[in-house]
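Structural overview for review
Okay, here's what each chain looks like letter by letter:
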Amino acid sequence: MIDVLFVCLGNICRSPMAEAVFRNLIEKEKLSDQIKVESAATSAWHIGDPPHRGTITKLAEYNISTEGMTGRQLQKEDFQKFDYIIGMDHSNVTNIRQILEQPDHPKVMRFLDLTEHEKDVPDPYYTGDFQETYDLVIEGCQALLDKMKREHKELSR
Ligand code: 4NP
């Protein structure tokens, strides 16, 4: 099993969106028995909360389910449990490295560095623009899967 963890500040807007989109993508590609996906927050603000209404509504427009998803905080032990630990913006990456006590491990990366954008995913909690975030999440998730297929040849069989 290859384990992917998306991380943002609150775990109610961007990282649950990436989790749900990526899960949908691997289901469509029939890779669910080989890839597992979760999400977490660097903060403790929304532990146990469902995703933000804006995230739920945007995903529902594309028939992507958020059922059963609840916020949780990143733990030091997650470093061993996951193969790809992906922050949605540069401050998430800084905080992830601190919490995991891993100053420069390559399995910690910024989401859109996997695309040509090489920028932070805008936080719709502040921008209110869940469509802009969704469009970037789609791109990033596809880029991540492409990278995983390059690094794990068994996914392409
Ligand atoms: P997220 O957005 O990190 O994409 O989940 C936020 C969610 C909640 C808060 C800030 C950002 N907050 O201040 O509660």
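That block above? That's the structure.
Below or above, wherever it landed, is the structure these notes cover.

With respect to the packing of helix α1 (residues 14-28) against helix α6 (residues 130-151)
In the contact formed by α1 and α6, the axes pass within 9 Å of each other and the chain directions differ by 50 degrees. Looking at the two axes, α1 sits oblique to α6. When the axes of α1 and α6 are compared, the crossing they make is right-handed. The segment α1 lies against α6, with R14, M17, A18, V21, F22, L25 and I26 engaging F130, T133, Y134, V137, I138, C141, Q142, L144, L145 and M148. Tallied by class, the residues present in the contact of α1 with α6 amount to 14 nonpolar, 2 polar and 1 charged.

Concerning helix α4 (residues 90-100)
Spacing of three or four residues puts side chains on the same side of an α-helix, whose turn is 3.6 residues. What α4 keeps buried is the set N92, V93, I96 and L100. Within α4, the buried residues cover an arc of 100 degrees as seen down the axis, which keeps them to one side. On the buried face of α4, the contacting elements are β1 (2-8), α1, α3 (78-81), β3 (84-87) and β4 (108-110). E101, located one to two residues past α4, shows a positive phi value of around 55 degrees.

Structural notes on a negative patch on the surface
Taken together, the side chains of E116, D129, E132, D135 and E139 define an acidic patch exposed on the protein surface. Tracing the chain through its elements places E132 in helix α6.

Notes on the sheet that holds β3
If you trace the 4 strands from one edge of the open sheet to the other, you get β2-β1-β3-β4, paired in parallel fashion. The strands lining the two open edges of the sheet, one partner per strand, are β2 (35-41) and β4. Adjacent strand axes in the sheet meet at a mean angle of 25 degrees when their direction is disregarded. Of the pairings in the sheet, the one linking β1 to β3 comprises 4 bridges and is parallel in character. Paired with V4 across the bridge in β3 is Y84.

Criteria and cut-off values
Residues numbered from 1 in each chain as written. Predicted model: local features only at pLDDT ≥ 70, side-chain atom pairs only at ≥ 80, totals over all residues. Heavy atoms only, no water. Axes fitted to C-alpha atoms, helices over the stretch in contact; angles between N-to-C directions. Helix = DSSP H or I, 4+ residues; strand = E, 2+ residues; numbered from the N terminus. Parallel < 35°, antiparallel > 145°, perpendicular 65-115°, else oblique. Left-handed = near helix turned anticlockwise from the far one by under 90°. Contact = heavy atoms within 4.5 Å. Nonpolar A, V, L, I, M, F, W, Y, C, P; charged D, E, K, R; others polar. Buried < 20%, exposed > 50% of the residue type's maximum accessible area, 1.4 Å probe, protein only. Arc of directions from axis to C-beta. Patch = residues over 30% accessible without salt bridge, like charges linked within 9 Å, V, L, I, M, F, W, Y side chains within 5 Å. Areas by Shrake-Rupley, 256 points an atom, 1.4 Å probe, with all protein chains shown as cover. Salt bridge = Lys/Arg side-chain N within 4 Å of Asp/Glu carboxyl O. Lys, Arg positive; Asp, Glu negative; His and termini not counted. Charge placed at Lys NZ, Arg CZ, Asp CG, Glu CD. Pairing = 2+ DSSP bridges.

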